[in-house]
Amino acid sequence: MRLANYFFADYLEKKEKVQHVVHKTFFVIIPDLIRVFIIGLFLPFALWFFFPQLLIASVVWALFGIGQLLMVLYRWYYDVWIITDRAVLDIKSDGLFHVATTRIEYHLLEGISYSIAGFWRTILNYGDLLLEKAGSGTTVVLKDASRPAFAETIVLQCQERYMEGKNSQDHRTLRQLLSGMVREHVKEHGIPDDEDEDDDE
């Protein structure tokens, strides 16, 4: 997860750690990769092979093809769910200059589900993941997610650990608050004597 903590550092809060990254299955971009490879790399190579005098045009064409290839990979890599120790982040990128993010903290996570429908999805183990945010009716979907059942398990485990830690912290905070109130009461009124209690009786 070191690479994920580095590549997605801009989306994380201070000291937040990535536990798992859920990408779309690689199979969904294979048609785009083949198309870009044929149009952007094979054709300029063929042009140069048959017309060596068009070397510069072939190189420019191939460079453009490489750029398109990298863009397909970039969009795939940054269309992702980041499962951290505090929340699930949905990141969607339509290009270098357009990124949309949705963050759902575990205490606001109402439920997670997945669906795998179809022969190839079942064989290749990919499907759609769905998160529901409590109170707002907001749903976050990652289509064609790789190993969705495993991703669901990781989210639930991280949520359980987070909630246990949060409850423990809440109990400590409550104890500190009550202790402070008792100390303030003792400072203002003192400790009641047993004799005073007997007189009241």
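See the structure shown above.
Here's what I pulled together on the structure shown here.

1. Re helix α3 (residues 55-77)
Turning to step 1, where the next piece is worked out: With 23 residues, α3 ought to run about 33 Å at 1.5 Å a step, and its terminal C-alpha atoms sit 33 Å apart, in line with that.
Turning to step 2, where the next piece is worked out: Tucked into the core, α3 has its buried residues touching β1 (18-23) and α2 (30-50).

2. Some details on the sheet that holds strand β2 (residues 80-84)
Turning to step 1, where the next piece is worked out: Taken together, 4 strands build an open sheet; the order of strands is β1-β2-β3-β4 and the sheet is antiparallel. Taken across any chain shown, the strands that pair with only one partner, and hence form the sheet edges, are β1 and β4 (98-105). With strand direction ignored, the average angle separating the axes of adjacent strands in the sheet is 20 degrees.
Turning to step 2, where the next piece is worked out: Two strands pair when backbone bridges link them, and β2 and strand β3 (residues 87-95) are joined in this way by 4 bridges, in the antiparallel orientation. Considered in β3, the bridge of Val80 is made with Ile91.
Turning to step 3, where the next piece is worked out: Lying over the sheet, α3 contacts β1, β2 and β3, oriented at roughly 160 degrees with respect to β3.

3. So, the sheet that holds strand β6 (residues 126-133)
Turning to step 1, where the next piece is worked out: Taken in spatial order, the 3 strands line up as β5-β6-β7 in an open sheet, and their pairing is antiparallel. The open sheet is flanked by β5 (109-115) and β7 (139-146), the only strands paired with a single partner. Across the sheet, the mean angle from the axis of one strand to that of its neighbour is 15 degrees, orientation sign disregarded.

4. Remarks on unusual backbone geometry
Turning to step 1, where the next piece is worked out: Of note, Lys15 is a non-glycine position whose phi angle comes to about 65 degrees, a positive value.
Turning to step 2, where the next piece is worked out: Note that Lys15 resides in the loop between α1 (2-7) and β1.
Turning to step 3, where the next piece is worked out: Phi is positive for Asn125, close to 60 degrees, though the residue is something other than glycine.
Turning to step 4, where the next piece is worked out: Structurally, Asn125 is set in the loop between α4 (119-124) and β6.

5. Brief notes about the environment of Lys133
Turning to step 1, where the next piece is worked out: Relative to the helices and strands, Lys133 is located in strand β6.
Turning to step 2, where the next piece is worked out: For Lys133 and Arg103, which are 30 residues apart along the polypeptide, the C-alpha to C-alpha distance reads 9.7 Å.
Turning to step 3, where the next piece is worked out: Contact partners of Lys133, with chain neighbours within four places excluded, come to Arg103, Ile104, Leu108, Glu110 and Thr138.

6. A few points about α2
Turning to step 1, where the next piece is worked out: For α2, which comprises 21 residues, the first-to-last C-alpha distance of 28 Å matches the rise-based estimate of 30 Å (1.5 Å per residue) to within 8%.
Turning to step 2, where the next piece is worked out: The principal kink in α2, of about 30 degrees, is found at Ile38.
Turning to step 3, where the next piece is worked out: Among the residues making up α2, those that are buried are Leu33, Val36, Gly40, Pro44 and Ala46.
Turning to step 4, where the next piece is worked out: In the core, the buried residues of α2 are packed alongside α3.

7. Some points on the pattern of salt bridges
Turning to step 1, where the next piece is worked out: Under the definition given, this model contains 10 salt bridges.
Turning to step 2, where the next piece is worked out: Ionic pairing is found between Arg103 and Glu13, a salt bridge with its closest N-O pair at 3.5 Å. With Arg103 in strand β4 and Glu13 in the loop between α1 and β1, this residue pair connects regions lying 90 residues apart in the sequence.
Turning to step 3, where the next piece is worked out: Taking the shortest distance from any N to any O, the salt bridge between Arg103 and Glu16 comes out at 2.8 Å. Remark: Glu16 occurs in the loop between α1 and β1 and Arg103 occurs in strand β4; sequence separation between them is 87 residues.
Turning to step 4, where the next piece is worked out: Judged by its relative accessible area of 23%, Arg103 is partly exposed.
Turning to step 5, where the next piece is worked out: Overlapping salt bridges bring together Glu13, Glu16, Arg86, Arg103 and Glu105 as one network.

The rules we used
Residues numbered from 1 in each chain as written. Predicted model: local features only at pLDDT ≥ 70, side-chain atom pairs only at ≥ 80, totals over all residues. Heavy atoms only, no water. Helix = DSSP H or I, 4+ residues; strand = E, 2+ residues; numbered from the N terminus. Expected span 1.5 Å × (residues − 1). Contact = heavy atoms within 4.5 Å. Pairing = 2+ DSSP bridges. Axes fitted to C-alpha atoms, helices over the stretch in contact; angles between N-to-C directions. Bend = angle between axes of the 7 residues up to and from the residue. Buried < 20%, exposed > 50% of the residue type's maximum accessible area, 1.4 Å probe, protein only. Salt bridge = Lys/Arg side-chain N within 4 Å of Asp/Glu carboxyl O.

All we've got here are geometric facts, nothing functional implied.
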